[in-house]
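Secondary and tertiary structure notes
Spelled out from the first residue to the last, the chains are:
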Amino acid sequence: MKPVGRFAPTPSGRMHLGNVFAALIAWLSVRSRDGSLVLRMEDLDTQRTSDEFAQVLREDLLWLGLDWDVETQPQSQRSHIYETYFDVLKEKELLYPCYCTRSQLHSVNAPHLSDGTYVYPGTCRSLTSEQRAAFNRLPSWRVKVPDKLWTVEDLCQGTYTEDLATDCGDFVVRRADGVFVYQLAVTVDDGEAGVTEVVRGTDLLSSSPRQMYLQELFGFPHPAYGHVPLLLAPDGRRLSKRDKDLDLGVLRQRLAAEKLIGSLACTAGLIEKPEKISARELATVFSWDKLKKDNIYLDNQIL
Ligand code: GLU
């Protein structure tokens, strides 16, 4: 079966080099095996995202030579679909309303995951209906998690294991304002689009067990996962969309696409010298075995 990969950018600004790198590897992994790619705009946060950014993103991907076969509906237009999956969780009696405030959650003396999420101690799991009514405000909704190990056999990071009950706790799938959260939306969208391979930055590795759990509840097969190293500035900082000097708007003025791809590919271990190369040519030599696993410090080669 041919692989189906995806790009799932958040159109909240210009891509930075880290975003470009993750998109490049997602593209190479499927194109090197004659697979297809789905593009999806992750614009659940309508305050920060815009159609203008989405259009620039599409142009930037094409400038890099990273094409896709189909663009699916942006997440902001899919609430009614997410609602049906939310109902599946409700029917399975796995949902409960949570009234904890942000400050309560932050004061919980518990370890937290790499993405900053706190291990939820189950505070609102067994509230009575009287206790719920007494809050007199709209709740967020959490899904109960089982005490079970989830193992990701990651194409890049190797084996990653998490017990959702002790490492994460019951997690939010819908916010108090009614907006569905990333974990639910991404699981539904990848599942419905028939995605067989999810490639993204290692900062999202710890999200995979939550998504695998939801896949099981919704009846979707688990995709393969590949979490690629993050690109770090020379001082060790993670790149963000605030790093204007490393966003594509600036880089496109300075560099040809083939130069940029060659430098990234060399830094990541895919080719030996930072020579110009197109994404298509790189696909002929790509293999996951060559790709570095540890976070990559950018040096002056690219800067
Ligand atoms: N939308 C996320 C981002 O732009 C990626 C989510 C994913 O790949 O699952 O960082």
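Residues numbered from 1 in each chain as written. Predicted model: local features only at pLDDT ≥ 70, side-chain atom pairs only at ≥ 80, totals over all residues. Heavy atoms only, no water.

1. Description of the overall build of the protein chain
Counting secondary structure elements, the protein chain contains 11 helices and 12 strands. In terms of overall size, the protein chain behaves like a compact globule, its C-alpha atoms giving a radius of gyration of 20 Å where 303 residues would be expected to give roughly 19 Å. Viewed in the frame of its principal axes, the protein chain has a C-alpha envelope of about 65 × 45 × 35 Å. Split into buried and exposed, the 303 residues of the protein chain put 50% on the buried side. Put simply, of all contacts in the protein chain between residues at least 6 apart along the chain, 77% involve residues at least 24 apart. When the accessible surface of the protein chain is totalled, it reaches about 14300 Å², and 50% of it is carbon and sulfur. (Helix = DSSP H or I, 4+ residues; strand = E, 2+ residues; numbered from the N terminus. Rg over C-alpha atoms; globule rule 2.2 N^0.38 Å. Buried < 20%, exposed > 50% of the residue type's maximum accessible area, 1.4 Å probe, protein only. Contact = heavy atoms within 4.5 Å. Areas by Shrake-Rupley, 256 points an atom, 1.4 Å probe, with all protein chains shown as cover.)

2. Section: the packing of helix α7 (residues 182-192) against helix α8 (residues 208-218)
In contact at an axis separation of 9 Å, α7 and α8 are set at 55 degrees when each is read in the N-to-C sense. Between α7 and α8, the interaxial angle falls into the category oblique. At the point where α7 passes α8, the crossing takes the right-handed sense. From α7, Tyr182, Gln183, Leu184, Val186, Thr187 and Val188 reach across to α8, where they touch Arg210, Gln211, Leu214, Gln215 and Phe218. Tallied by class, the residues present in the contact of α7 with α8 amount to 6 nonpolar, 4 polar and 1 charged. (Axes fitted to C-alpha atoms, helices over the stretch in contact; angles between N-to-C directions. Parallel < 35°, antiparallel > 145°, perpendicular 65-115°, else oblique. Left-handed = near helix turned anticlockwise from the far one by under 90°. Nonpolar A, V, L, I, M, F, W, Y, C, P; charged D, E, K, R; others polar.)

3. Considering the sheet that holds strand β4 (residues 95-98)
The strand order β4-β5-β8 describes an open sheet built from 3 strands, whose pairing is antiparallel. The open sheet has two edge strands, β4 and β8 (171-174), and neither has a second partner. Here the strands of the sheet are splayed against their neighbours by 45 degrees on average, with no regard to which way each runs. Relative to strand β5 (residues 140-143), β4 runs antiparallel, the two being bridged by 4 bridges. Bridge pairing in β5 links Tyr96 to Arg142. Strand contacts of helix α3 (residues 79-91): β4, β5 and β8, with the helix running at about 135 degrees to β8, the strand carrying the most contacts. (Pairing = 2+ DSSP bridges.)

4. What to know about the site of the ligand
Around the ligand, the neighbouring residues are Arg6, Ala8, Pro9, Thr10, Glu42, Tyr182, Val186, Arg200 and Leu204. Arg6 is positioned such that a nitrogen or oxygen atom in its side chain is 2.7 Å from an oxygen atom of the ligand. Contacts to the ligand include Arg200, whose side-chain N or O atom sits 2.9 Å from an oxygen atom. The fraction of the free accessible surface of the ligand (300 Å²) that becomes covered by protein chains is 77%. Residues belonging to the shell around the ligand are distributed by class as follows: 5 nonpolar, 1 polar and 3 charged. (Near = heavy atom within 4 Å. Polar contact = N/O pair within 3.5 Å; in protein donor to acceptor, adjacent residues only side chain to side chain.)

5. Concerning the nonpolar core
In this structure, Phe7 and Ile25 are the most contacted members of the largest nonpolar core, which totals 49 residues. Within the residue set of this core, elements represented by two or more residues are α1 (17-31), β2 (36-39), α2 (51-64), α9 (248-254), α10 (257-267) and α11 (279-283). Tallying contributions element by element places α1 first for this core, with 11 residues. Core analysis: the next-biggest nonpolar cluster, separate from the first, contains 30 residues, Phe180, Val198, Met212 and Phe218 among them. (Core = buried A, V, L, I, M, F, W, Y, C linked by side-chain atoms within 4.5 Å.)

6. Concerning the sheet that holds β2
Read from one edge to the other, the open sheet built from 3 strands follows the order β1-β2-β3, with strand pairing classed as parallel. The strands lining the two open edges of the sheet, one partner per strand, are β1 (4-7) and β3 (70-71). Relative to β3, β2 runs parallel, the two sharing 2 bridges. Its bridge partner lying in β3, Val38 is registered against Val70.

7. Description of unusual backbone geometry
The phi torsion at Glu93 lies on the positive side, around 60 degrees, for a residue other than glycine. Tracing the backbone shows Glu93 in the loop between α3 and β4. Of note in the backbone geometry, Asn136 takes a positive phi value of approximately 55 degrees without being a glycine. Mapping Asn136 onto the fold places it in the loop between α5 (129-135) and β5. Overall, Asn136 belongs to the exposed group, its relative accessible area being 72%.

8. What about the packing of aromatic side chains?
Scanning the model with the defined rule gives 10 aromatic pairs in all. Ring geometry for Tyr99 versus Phe135: centroids 4.5 Å apart, planes at 5 degrees, classification stacked. In this pair, Tyr99 sits in the loop between β4 and α4 (102-107) while Phe135 sits in helix α5, placing the two residues 36 residues apart along the sequence. Where Phe171 meets Tyr213, the ring centres are 6.5 Å apart and the plane angle is 75 degrees; that geometry is what we call edge-to-face. With Phe171 in strand β8 and Tyr213 in helix α8, this residue pair connects regions lying 42 residues apart in the sequence. Both residues of the pair, Phe171 and Tyr213, count as buried. Grouping aromatic residues by their ring pairs yields a cluster made of Tyr82, Phe86, Trp141 and Phe180. Cation over ring: Lys90 sits above Trp141, and NZ or CZ is 5.6 Å from the ring centre. (Phe/Tyr/Trp six-rings, centres within 6.5 Å; stacked < 30°, edge-to-face > 60°. Lys NZ or Arg CZ within 6 Å of the ring centre and 35° of its normal.)

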